[in-house]
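Structure assessment
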Amino acid sequence: MNREKALDTLGLSGTPSDDEITKAYRTQAKRYHPDRHADVHEDVKRMLEERFSELTEARDTLIQQASGSSGSHWGHDSHPGGSARSESQSRDAPTGNFREQAAEVRTLAGRRQWPAMLRLLDSMENDYGDRVELYQLEVDVLVEADEHGLALDAGEAILQLTPEAGQDPDFLHHLAVLGLLGNCYEKGMGHIRRAESLIAGSVPAFIETRARLHIAMGATQQADQVIDQLKSCDPSNTLVNER
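Values in this document were obtained by computation on a predicted structure and should not be read as measured data. Every residue gets a number counted from 1 within its own chain, in the order that chain's sequence is written. In view of the model being predicted, local features appear only for residues whose pLDDT reaches at least 70, and side-chain atom pairs are presented and counted only at 80 or more, with totals across whole chains, interfaces and linings using the full set of residues. No hydrogens and no water enter the side-chain calculation; it runs on all heavy atoms of the structure.

What to know about the overall build of the protein
Our working definition: Think of it this way: any DSSP run of H or I at least four residues long counts as a helix, any run of E at least two long counts as a strand, and we number them from the N terminus. For the exposure calls, accessible area comes from a 1.4 Å probe over protein chains only, and a residue counts as buried if that area is under 20% of its type's maximum, exposed if over 50%, partly exposed in between. Only heavy atoms matter for contacts: two residues are in contact if any of them lie within 4.5 Å across the pair.
Counting secondary structure elements, the protein contains 13 helices and two strands. In the protein, which comprises 243 residues, the proportion classed as buried is 45%. Counting contacts in the protein only where the partners sit at least 6 residues apart, residues at least 24 apart contribute 59% of the total.

Structure, rendered in structure tokens:
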């Protein structure tokens with residue numbers, strides 16, 4: 001996609017900053033994200049998926065041109081949370097107002113008032129930009145709302161802002177599970193492989209997630225091989241018995 005097309009797709013003009021690109025992408029991506037339209041007609045769903053792909057390509061094009069980077073993080077697509085803000089700005093301690101709004105988000109999630117919760121999250125993103133605390137909040141409440149693809153996006157934003165998170169196998173495994181539940185199988189596979197590369201020995205939960213990702217991707221032969229591996233370390237695992 002060329003620059004002019006990318007700008008038009010995101011509704012931007014001139015030379016937008018990374019923050020402006022990010023906000024434009026996130027605003028539209030949430031509207032068209034496939035996870036939010038699981039029950040629509042297949043033709044409509046296909047149209048939404050195509051639009052979502054266009055938005056992602058437009059964001060990547062503009063971010064790459066602005067930064068001269070590949071736009072990737074550990075071999076995966078970068079998250080729209082990537083920002084021109086300094087790391088110190090991103091890690092500022094939460095303000096009192098932030099804490100109050102975060103508490104309200106959790107209250108709305110507890111009441112399952114998803115539209116109101118999502119509107120408040122959108123407002124907080126506009127007010128606070130890239131903050132680890134905000135993305136962690138999004139991960140928590142979006143999982144409750146069964147918005148696993150969006151929760152994965154927020155988790156990947158945490159990777160962008162805190163490189164040490166990329167060295168935490170449990171956090172990476174959590175992202176892999178979100179990829180599985182959110183139908184983002186390639187991303188999920190990348191995260192689980194990264195998680196397993198950081199540990200010594202075999203962790204049954206990690207192996208099971210990798211096997212389920214292979215199954216979801218239709219890679220039956222690879223799935224069977226991983227299940228054999230799982231059987232050797234956890235013979236009573238539910239997935240072993242299912243196969």
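Brief notes about the nonpolar core
Heads up, the condition is: To define a nonpolar core, start from buried Ala, Val, Leu, Ile, Met, Phe, Trp, Tyr and Cys residues and group those joined through side-chain atoms within 4.5 Å.
If you look at the biggest cluster of nonpolar residues, it comprises 39 residues, and the most contacted ones within it are Val105, Met117, Leu121, Met124, Leu137, Val141 and Ile192. When contributions to this core are tallied by element, the ones reaching two or more residues are helix H5 (96-110), helix H6 (114-128), helix H7 (132-144), helix H8 (148-161), helix H9 (169-181), helix H10 (185-197) and helix H11 (204-216). In terms of residues, this core owes the most to one element, H8, which gives eight residues. Setting aside residues up to four positions removed in sequence, Met117 forms contacts with Val105, Leu108, Ala109, Val141, Leu142 and Ala145. Counting 12 residues, the second largest nonpolar core, distinct from the first, contains Leu10, Ala29, Phe52 and Leu55.

With respect to the pattern of salt bridges
Basically, it comes down to this: When a carboxyl oxygen of Asp or Glu lies within 4 Å of a side-chain nitrogen of Lys or Arg, that pair is called a salt bridge.
Following the criterion strictly, the structure yields six salt bridges and no others. Among the salt bridges present, the one from Arg212 reaches Glu208, with a minimum N-O distance of 2.9 Å. You can see Arg212 and its partner Glu208 sitting in helix H11, four residues apart, about one turn around the helix.

Here's the deal with H6
Inclusion rule: In this scheme, a helix's expected span is set at 1.5 Å multiplied by one less than its residue total. This arc is taken over the directions from the axis of the helix to the C-beta atoms.
When the terminal C-alpha atoms of H6 are compared, their 21 Å separation across 15 residues agrees well with the 21 Å that a helix rising 1.5 Å per residue should span. Of all the residues in H6, the buried ones are Trp114, Met117, Leu118, Leu120, Leu121, Met124, Glu125 and Tyr128. Along H6, the residues classed as buried sweep out an arc of 160° about the axis, all on the same side. Exposed and facing more than 90 degrees away from the buried side of H6 are Pro115 and Arg119. Positive phi shows up at Gly129, right after H6, with a value of about 65°.

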